[in-house]
Structure formats: C-alpha cells, structure tokens
Amino acid sequence: MDLNRYELVIFDADGTLRECTVEGQFYPLAQGEWVLKGDVCNVLSEYDWTSKKFGIATNQPGISRGEFTEEVSLQLLNDMVIGVFGFLPDKEAIQFCPHAIDGECECRKPAGGMLKRIIAHFGVEPASTVFVGDRLKDKIAAESASCDFIWVHDLANVSFKS
Ligand SMILES: [Mg+2]
Ligand SMILES: [Zn+2]
C-alpha cells in the first residue's frame, strides 16, 4: 500500500506515535511519562508533512476519570505532534474523546466520529484518507468513517516518499 495516494493521514496516539513509560499505565498523564515511537518516527521523518494533511484521533478516557484535565491531555498530544511532525496542524485536526468508556458518544473509538470530523474539516473524500492505529477499535473506526486503515506495525513497510 502506497500512502502517497492519500490526501489525509490520521494517526492514533497511544501505541501508535507514543508509548507510556510508566509501568502498568496505558497512557501518559503528565510530562515525562511518554516517549515517541522511534521506528515509526523514523519512517514519518522521511516525508515532507508541510505538503500533506494529517490529524490525530485518540480516546482520552483519563479526562472523564479525573486523572488529568482536558488542557493537560491536549498539551501532551500537542507536544507529541510537535515531536513527530515539527509543527501543529489546525486545532480541528487533533481530535480526542474525553468521554467515559461506558458512556454514549459518537467520538470514542470504535465509533468513527473523530475521523469524520477531521475528514470534514479538511474537505477531503473518505476514500482519500487513511487511519493508522494499533488496535482493533482503530480499524473498526476507520471502517465506520469509510476510510482506509493501516496497522502501525506495517508502517515501516510503507513508502512515505513522494
Ligand atoms: Mg492506540
Ligand atoms: Zn467521545
């Protein structure tokens, strides 16, 4: 699969672009609790992201659990995006679900709401969009939003070169 045929590339965060460094914790809650996934970043660094649309779609249930604030969650995500891409996209391109795992919302993956919002923001076709993730719920979300899906572990085999 060649990513160059996509206008828009959306990424999951945890387990895809970053990893939590706190044992037994699934996602970072503060600065110093995460690292970028080096192998993925190496592949992505080969591409000129100033000429490509990209976004983030991540569940952040720690917000509803009171583990951290929405502001801190977004700051950590922004720091991650800067680390990977070197700059921030439009704020609408960074979507996070702050809702409870047992709650009802249209954004928490496996729902496709966040992907649909990013696709609508950029005004691209779902067929010109791919979502990169590490969990089955990411794949299902991509199907719900009618876009393609790539497992992050397959990313190293994908050419990003234009
Ligand atoms: Mg993930
Ligand atoms: Zn939600």
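Residues numbered from 1 in each chain as written. Chains lettered and ligands numbered in written order. Predicted model: local features only at pLDDT ≥ 70, side-chain atom pairs only at ≥ 80, totals over all residues. Heavy atoms only, no water.

Things to note about the overall build of the protein chain
So, point 1. Along the protein chain, the regular secondary structure elements total 4 helices and 7 strands.
So, point 2. In the protein chain, the order of α-helices and β-strands from amino to carboxyl end is β-β-β-α-β-α-β-α-β-α-β.
So, point 3. Its C-alpha atoms give the protein chain a radius of gyration of 15 Å, near enough to 15 Å, the size a compact globule of 162 residues would have.
So, point 4. Its C-alpha atoms give the protein chain principal-axis dimensions of about 40 × 30 × 25 Å. (Helix = DSSP H or I, 4+ residues; strand = E, 2+ residues; numbered from the N terminus. Rg over C-alpha atoms; globule rule 2.2 N^0.38 Å.)

Quick word on the packing of aromatic side chains
So, point 1. Per the stated rule, a full pass over the model turns up 10 aromatic pairs.
So, point 2. On the basis of an interplanar angle of 75 degrees and a centroid distance of 5.6 Å, the ring pair of Trp49 and Phe54 is categorised as edge-to-face. Note on accessibility: Trp49 and Phe54 belong to one class, buried.
So, point 3. Seen from their ring centres, Phe54 and Phe85 are 4.0 Å apart, and the 20 degrees between their planes marks the pair as stacked. (Phe/Tyr/Trp six-rings, centres within 6.5 Å; stacked < 30°, edge-to-face > 60°. Buried < 20%, exposed > 50% of the residue type's maximum accessible area, 1.4 Å probe, protein only.)

So, the UniProt feature "site: Stabilizes the phosphoryl group" (unreviewed entry) in the protein chain
So, point 1. As annotated in UniProt, the feature "site: Stabilizes the phosphoryl group" (unreviewed entry) corresponds to Thr58 and Lys109 in the numbering used here. For this annotated set, covering 52 residues, all C-alpha atoms fall within 7.8 Å of each other, a compact arrangement in space.
So, point 2. Filtering out sequence-adjacent residues up to four positions away, Thr58 remains in contact with Asp12, Ala13, Asp14, Leu77, Gln95, Phe96, Cys97, Lys109 and Met114.
So, point 3. A distance of 2.8 Å separates the side chain of Thr58 from the side chain of Gln60, its partner in a polar contact.
So, point 4. In this fold, Lys109 is placed in the loop between β5 (94–97) and α3 (113–122).
So, point 5. Take Lys109: its relative accessible area is 2%, and that puts it in the buried class. (UniProt positions renumbered as here; feature names shortened; annotations may be inferred. Contact = heavy atoms within 4.5 Å. Polar contact = N/O pair within 3.5 Å; in protein donor to acceptor, adjacent residues only side chain to side chain.)

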